[in-house]
Amino acid sequence: MLTIKRKLSILFIVCSIAAIALSMFFVNVTISNKFNEYMVEIQNKRYERIVSYFQQLYKKDKKWTKSSGIEIMHEAYMGNYCVTLLDKNKKVVWGMNPADIKYRIHLENMKVKNKGVYSSKRFPIKVSGEIVGYTDIGQYSSLLMSEDDLSFKNSVNKSIILSGIVALVIVMIISLYFSREFAIPIKQAADMSVNLSKGNFHTKYGEKSTIEELENLRKSMNILAEKLSFQDDLRKRLVSDISHEIRTPLNVLENNFEAMIDGVVPVTKEKLIYLNEEVIRFGKLLNNLNTLKEFEDQSMKMNFKMVDLAKLAAEICSDFQMEAESKNIDMGFTAAKGYKYIVRGDEDKLRQVFINLLSNAIKFTQPGGEVAVKLYLDSKNVNVEVTDNGIGISNEDLPFIFERLYRGDKSRHKSEGNGIGLTIVKNILDLHNAEIDVDSEYGRGTSFKISFKK
């Protein structure tokens, strides 16, 4: 089985060889055709020149003799073609022997059609519109090329081959570089996925990539590793946390009842009220767990209707006003008048969202602090912000605050709560197609922003 680097390298190189070979072939064919066309044109001009030469010669001498234009024989011999002069009755005045040029060395190197087959063309010689003779021009190939012509054509072919080889080497180097650029991040991602499958969730995908998709893959894999690591820790803590949350009220009840039975603690109304509060707290925990299960099983029944968020938020802020005052916390509510903050949703479930957020805001804000609820509109959404200047949330805890039973920093862990409230908030808002964003700074406060589509 091939590695992705080797496979990409082979793919790039094979494609490059095919592309370069095709390019060399088409360039060679094009240059050869153009060169042959050029040589044909030169050859036709030669024919015209020879005919014109004999015309001028006849105008001068007024007749043909054995020596008429015989000096052209040398040029014809060197050019590998034969010339024959005929009078107007087509009788030979003089002519060259084709055998004299048949075995010339450079003729053998000509890669042309019909090489070795002698053929000739006859052209009339006209003077004053009257045919005064003929000339036959023959050769052993359809196209004649001199040594210089052959040398030029061979040089061009060699240059094409050399440029193809150089291009192939360059492409191979570039291919190896880019295959490495692709292969290394993908290999790291594959290695990381193997480690994740083995339960090693603390592995990191460290090397950045200049390719956007691979860089997104790197970031996603690191986020996945963090999520899996958190889920693994959460799984290990789940039984312990649930048992702790359940055991605490049971221990309180058990110890107090034993003390009452043994007569150590008297049975009073205040004591019974306290124990009843523990029972209620225990019941709330079980109810929250059951609610969360219904959300996750998607079996929660929703009663959607048009809800006035401004009215709902104002009512809940009023309900929490006394609790805020008892902690000397300034609670404010603002919503610009003249606008309708109407959304479609389940009023009871949305009430639970605001209750959970305000309860947390007051719980984690120190006496003398501030909690603010603000409603406003933008072009697409109805927005609600719940802001406090409490203890805040650390950066490492922020991505996980909506996970069930998550309680991050020690200050929050010591406070009353079971880590389910924000999970329920997120599930309710998901069912309303609403988004919730968190902006928090440790020690400075937290702001939750909920966006409902109009």
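Residues numbered from 1 in each chain as written. Predicted model: local features only at pLDDT ≥ 70, side-chain atom pairs only at ≥ 80, totals over all residues. Heavy atoms only, no water.

Check the secondary structure of the chain and you find 11 helices and 11 strands. Evaluated residue by residue, the chain yields a buried proportion of 37% over its 454 residues. Accessible area of the chain: about 27500 Å², with a carbon and sulfur share of 55%. (Helix = DSSP H or I, 4+ residues; strand = E, 2+ residues; numbered from the N terminus. Buried < 20%, exposed > 50% of the residue type's maximum accessible area, 1.4 Å probe, protein only. Areas by Shrake-Rupley, 256 points an atom, 1.4 Å probe, with all protein chains shown as cover.)

Attention now goes to helix α8 (residues 309-326). With 18 residues, α8 extends 26 Å between its outermost C-alpha atoms, agreeing within 8% with the 26 Å of an ideal straight helix rising 1.5 Å per residue. Maximal helix bending in α8 amounts to about 40 degrees, located at F320. By the burial criterion, the buried members of α8 are L309, A310, L312, A313, I316, C317, F320 and A324. Residue D308 occupies the N-cap position of α8, its side-chain oxygen lying 3.1 Å from the main-chain nitrogen of A310. (Expected span 1.5 Å × (residues − 1). Bend = angle between axes of the 7 residues up to and from the residue. Polar contact = N/O pair within 3.5 Å; in protein donor to acceptor, adjacent residues only side chain to side chain.)

Our next topic: the sheet that holds strand β1 (residues 81-87). Within the open sheet, the four strands sit side by side as β2-β1-β4-β3. Their pairing is antiparallel. Of all the strands in the sheet, the pair left with one neighbour each is β2 (92-95) and β3 (119-127). Taking each pair of neighbouring strands and ignoring which way they run, the sheet shows an average axis angle of 20 degrees. One ladder, built from three bridges, connects β1 with β2; its direction is antiparallel. The residue of β2 that forms the bridge with T84 is G95. (Pairing = 2+ DSSP bridges. Axes fitted to C-alpha atoms, helices over the stretch in contact; angles between N-to-C directions.)

Attention now goes to the sheet that holds strand β9 (residues 381-388). Through backbone hydrogen bonds, the strands of a sheet pair up, either in parallel or in antiparallel fashion. The mixed open sheet is built from five strands, whose spatial order is β6-β8-β9-β11-β10. Each having just a single partner strand, β6 (330-335) and β10 (435-441) make up the two edges of the open sheet. Sheet twist, expressed as the average angle between the axes of neighbouring strands with direction ignored, equals 10 degrees. As paired strands, β9 and strand β11 (residues 445-453) are joined by eight bridges and run antiparallel to one another. Looking across to β11, one finds that V384 is bridged to I450. Along the sheet, helix α9 (residues 347-363) contacts β6, β8 (370-377), β9 and β11; its crossing angle with β9, the most-contacted strand, is approximately 25 degrees. (Contact = heavy atoms within 4.5 Å.)

Turning to the UniProt feature "transmembrane region" (unreviewed entry) in the chain, a few remarks are in order. When the UniProt feature table is mapped onto this chain numbering, "transmembrane region" (unreviewed entry) sits at residues 9-31 and 160-178. Each end of residues 9-31 is marked by a C-alpha atom, and these two atoms are 32 Å apart; helix forms 100% of the span and strand 0%. Structurally, residues 160-178 is divided into 100% helix and 0% strand, and its ends, taken at the C-alpha atoms, are 26 Å apart. (UniProt positions renumbered as here; feature names shortened; annotations may be inferred.)

This prediction gives the chain a mean pLDDT of 81; 84% of its residues lie at or above 70. For the stretch residues 105-114, pLDDT sits under 50, and the model shows 26 contacts to residues farther than four places along the chain or on other chains. Note on residues 409-415: pLDDT under 50 across the span, and 14 contacts to partners over four residues away in sequence or across chains. (pLDDT = per-residue confidence, 0-100.)

Each pair of aromatic rings is reported with the distance of its centres and the angle of its planes. All told, the structure shown has seven aromatic pairs when counted by the stated rule. Through successive ring pairs, a cluster of aromatic residues spans Y53, F54, Y58, W64 and W94. Here the basic side chain of K90 rests over the ring of Y134, its NZ or CZ set 5.4 Å away from the ring centre. It is K374 that lies over the ring of Y376; its NZ or CZ is 5.3 Å from the centre. (Phe/Tyr/Trp six-rings, centres within 6.5 Å; stacked < 30°, edge-to-face > 60°. Lys NZ or Arg CZ within 6 Å of the ring centre and 35° of its normal.)

Let us look at the nonpolar core. Core analysis: the biggest nonpolar cluster contains 41 residues, and L309, L358, I450 and F452 have the highest contact counts within it. Within the residue set of this core, elements represented by two or more residues are α8, α9, β8, β9, α11 (421-431) and β11. Broken down by element, this core gets its largest block of residues, eight residues, from α8. (Core = buried A, V, L, I, M, F, W, Y, C linked by side-chain atoms within 4.5 Å.)

A word on the side chain of N356. Within the secondary structure layout, N356 lies in helix α9. Contact partners of N356, with chain neighbours within four places excluded, come to G421, I424 and V425.

Its identity as a non-glycine residue notwithstanding, K90 has a phi of 65 degrees, on the positive side. Here K90 shows up in the loop between β1 and β2. Its identity as a non-glycine residue notwithstanding, N328 has a phi of 60 degrees, on the positive side. Mapping N328 onto the fold places it in the loop between α8 and β6.

This brings us to the pairing of strand β4 (residues 130-139). The element β4 is largely enclosed, with a buried count of eight among its 10 residues. Note: β1 against β4, seven bridges, orientation antiparallel. Bridge pairing in β4 places L86 opposite Y134. As judged from the nine bridges shared by β3 and β4, these two strands associate in the antiparallel manner. Counted as the bridge partner of V127 is E130 from β4. The hairpin turn running from β3 into β4, its antiparallel successor, is two residues long, and S128 in that turn takes a positive phi close to 55 degrees.

Mapped onto the secondary structure, G368 falls in the loop between α9 and β8. Separated by 38 residues in sequence, G368 and D330 have C-alpha atoms that sit 7.1 Å apart. Beyond its immediate chain neighbours, meaning those up to four positions away, G368 contacts K327 and N328.

With seven bridges joining them, β10 and β11 adopt antiparallel strand pairing. Along β11, the bridge assignment pairs E441 with G445. Counting the residues that bridge the hairpin from β10 to β11 gives three residues, and of these G443 lies at a positive phi of roughly 85 degrees.

Moving on: the packing of α9 against α11. Orientation of α9 relative to α11, taken along the N-to-C sense of each, is 145 degrees, at an axis distance of 9 Å. Note that α9 runs across α11; the crossing there is left-handed. On the side of α9, the interface is formed by K349, Q352, V353, N356, L357 and N360, while α11 contributes G421, L422, I424, V425, I428 and L429. Within the contact of α9 with α11, the residues separate by chemical class into seven nonpolar, four polar and one charged. (Left-handed = near helix turned anticlockwise from the far one by under 90°. Nonpolar A, V, L, I, M, F, W, Y, C, P; charged D, E, K, R; others polar.)

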